[in-house]
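Below are the chains, spelled out letter by letter.
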Amino acid sequence: MSAHLEKHASFQANFAHTIWKQVFTSVPPVPANLSLTGKTVLVTGSNVGIGLDSVRHFLKLEPGLVIMGVRSIDKGEAAAAVLRAEFPRSKTKITVWKLDIASLRSVQAFAARCERELDRLHVAVLNAGLSKMKFERVEEGSQHEMTMQVNYLSTALLAILLIPTMKSTASSPEPGRLSIVNSEAAIPIKLEMPGTGSLLDSLDQPKGYNGLSQYSKSKLLIMMFVARLAETISANDAVINCTDPGATKGTAFFREVDSWAVKQVLAIIQGIIGRATADGARIYVHSASWPVTMYTDEGRRISDRLWEETLQELRFAGVENVLPKSRSPT
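This is a predicted model, so every value here is computed, not measured.

Undergrad: Looking at this structure, I do not really get the overall build of the protein. What am I missing?
TA: Broken down by element type, the protein carries 11 helices and 6 strands. Expressed as a percentage of the 330 residues in the protein, the buried residues total 51%. Total accessible area on the protein stands at roughly 15,700 Å², and carbon and sulfur atoms take up 53% of it.

Undergrad: Would you mind going over the side chain of S103 with me for this structure?
TA: Turning to its location among the elements, S103 is positioned in the loop between β3 (93–98) and α5 (104–117). Classification of S103 as buried rests on a relative accessible area of 14%. Reaching out from S103, the side chain makes a polar contact with the backbone nitrogen of R105 at a distance of 3.3 Å.

Undergrad: In this structure, what is going on with the pairing of strand β2 (residues 65–70)? I would like to understand it.
TA: Strand residues, when the strand is regular, have side chains that alternate between the two faces of the sheet. For β2, the tally of buried residues reaches 6 of 6 residues, placing the bulk of the element in the interior. With 5 bridges connecting them, strand β1 (residues 40–44) and β2 associate as parallel partners. In the strand pairing of β2, L42 is matched with I67. One ladder, built from 6 bridges, connects β2 with β3; its direction is parallel. Opposite L65, over in β3, you have K93 as the bridge partner.

Undergrad: Whenever I open this one, the nonpolar core confuses me. Can you help?
TA: Most often, soluble globular proteins have nonpolar side chains that are buried together. Y152, L158, L162, L229 and I240 are the most contacted members of the largest nonpolar core, which has 63 residues in total. For this core, the element with the highest residue contribution is helix α6 (residues 146–166), accounting for 14 residues. Discounting residues that sit within four places of it in the chain, I240 has contacts with I163, L178, I180, V226, L229, A230 and I233. Core analysis: the second largest hydrophobic core is formed by 20 residues, V43, L52, L59 and M68 among them.

Undergrad: Can you walk me through helix α8 (residues 211–232) in this structure?
TA: An α-helix turns once every 3.6 residues. As a result, residues three or four positions apart point the same way. Here α8 contains 22 residues, and its C-alpha end-to-end distance of 31 Å stays within 8% of the 32 Å for a straight helix at 1.5 Å per residue. Buried residues dominate α8, accounting for 17 of its 22 residues. Taking the backbone nitrogen of L212 as reference, a side-chain oxygen 3.2 Å away marks N210 as the first, capping residue of α8.

Undergrad: Which parts of the structure should I look at to understand empty space enclosed by the protein?
TA: Here the idea is plain: a probe the size of a water molecule rolls over the atoms and shows the empty space left. Its boundaries defined by the atoms lining it, the largest cavity holds a volume of some 40 Å³. Among the elements that make up the lining of the largest cavity, the one with the highest residue count is α6 (3 residues). Classifying every residue of the lining of the largest cavity by side-chain character gives 5 nonpolar, 3 polar and 1 charged.

Calculation notes
- Going along each chain's sequence as written, the residues are numbered from 1 onward.
- Confidence filtering applies because this is a predicted model: local features only for residues at pLDDT of at least 70, side-chain atom pairs given and counted only at 80 or more, and all residues used for totals across whole chains, interfaces and linings.
- Just so you know, side-chain values use all the structure's heavy atoms and leave hydrogens and water out.
- Each helix is a run of DSSP H or I of at least 4 residues and each strand a run of E of at least 2, with the numbering of both proceeding from the N terminus.
- Here the term buried applies to any residue with accessible area under 20% of the maximum for its type, exposed to any over 50%, and partly exposed to those in between, with areas from a 1.4 Å probe on protein chains only.
- All accessibility values rest on the Shrake-Rupley procedure with a 1.4 Å probe; residue burial counts only the protein chains present in the view.
- Counted as a polar contact is a pair of N or O atoms within 3.5 Å, where, for protein atoms, one must be capable of donating a hydrogen and the other of accepting one, and residues adjacent in sequence contribute only when both atoms are in side chains.
- Pairing between strands is defined by DSSP: at least two bridges between the two strands are required.
- Buried Ala, Val, Leu, Ile, Met, Phe, Trp, Tyr and Cys residues form a nonpolar core when they are joined through side-chain atoms within 4.5 Å.
- Two residues qualify as a contact provided that any one of their heavy atoms is within 4.5 Å of a heavy atom in the partner residue.
- Multiply 1.5 Å by the residue count of a helix minus one, and that product is the helix's expected span.
- Of the two site types, the cavity is a set of points on a 1 Å grid over the protein atoms alone where a 1.4 Å probe fits but cannot get out, and the pocket is an open set with protein on both sides within 12 Å along at least five of seven lines, each lined by residues with an atom within 4 Å of a point.
- Grid points are joined across faces, edges and corners, and a volume is the space filled by probe spheres set on the points.
- Polar here means any residue outside two lists: the nonpolar Ala, Val, Leu, Ile, Met, Phe, Trp, Tyr, Cys and Pro, and the charged Asp, Glu, Lys and Arg; Gly therefore counts as polar.

Written as structure tokens, this is what we have:
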């Protein structure tokens with residue numbers, strides 16, 4: 001992790017930085033000379049909101065193929081139809097693939113399809129995510145809490161399994177670009193190492209569950225994971241990072257908040273500092289600092305333990321065969 005970024009981590013963890021970033025900075029335009037001609041692009045969770053707008057931005061760069069990874073094929077096809085109407089002269093093929101990010105089996109099937117049907121995946125934006133205001137477990141495997149499964153475990157698994165398809169080839173020598181959408185909500189979060197038992201299990205408890213806090217923790221975990229994954233995979237094969245669109249208007253992110261008062265407060269905040277979805281989505285095309293806790297000794301110990309537990313949790317998918325054994329984190 002960058003020593004330069006470490007100096008700025010404390011400032012980035014406070015609300016003043018959020019206000020400064022959202023109100024006094026703007027997302028730069030995509031460079032006019034940037035082209036994805038002939039390339040394949042994947043965006044998950046891309047039938048609505050920022051994901052859909054990011055596909056719009058990518059279409060302007062004229063890739064050969066855009067894959068929309070979505071839970072509902074019908075909703076995905078409806079969104080794809082809108083895009084085809086908006087870009088009638090585009091030569092880009094837009095295709096909709098089934099991906100239920102809440103299901104590890106669906107993630108495996110999706111990654112296997114990528115490896116089976118694509119010669120090369122050049123760009124992948126893992127945008128799908130959620131925030132559950134009430135405690136809910138998934139119905140498969142270890143039955144983890146839903147937010148942790150979707151935002152962390154399933155996303156981590158998909159990131160690993162896509163790497164073989166993203167590696168450079170003789171005919172396409174540039175490294176792939178794997179960007180995991182994250183949130184500034186992770187930056188001020190601190191975790192404590194559980195005295196006994198699994199770190200992941202300690203985050204699966206219904207007692208004292210808070211939806212917004214769990215969302216932030218899930219985003220901290222995926223940021224820790226991406227930091228280790230980026231150290232493990234050669235940058236000659238894939239450039240791996242996190243990207244944060246910031247507070248954005250017009251998304252369905254807070255749809256499960258059941259308090260009218262909280263919804264009103266959040267709506268007011270988003271109205272004041274929120275970006276348009278098109279601006280937030282443009283960040284995906286660019287692509288990001290680590291939370292304060294990741295620079296501490298305790299944070300490094302948690303990152304190490306999280307990495308080990310995650311690989312153990314996902315061993316059923318053969319992730320150890322994807323990750324190189326010769327590279328170790330620095």
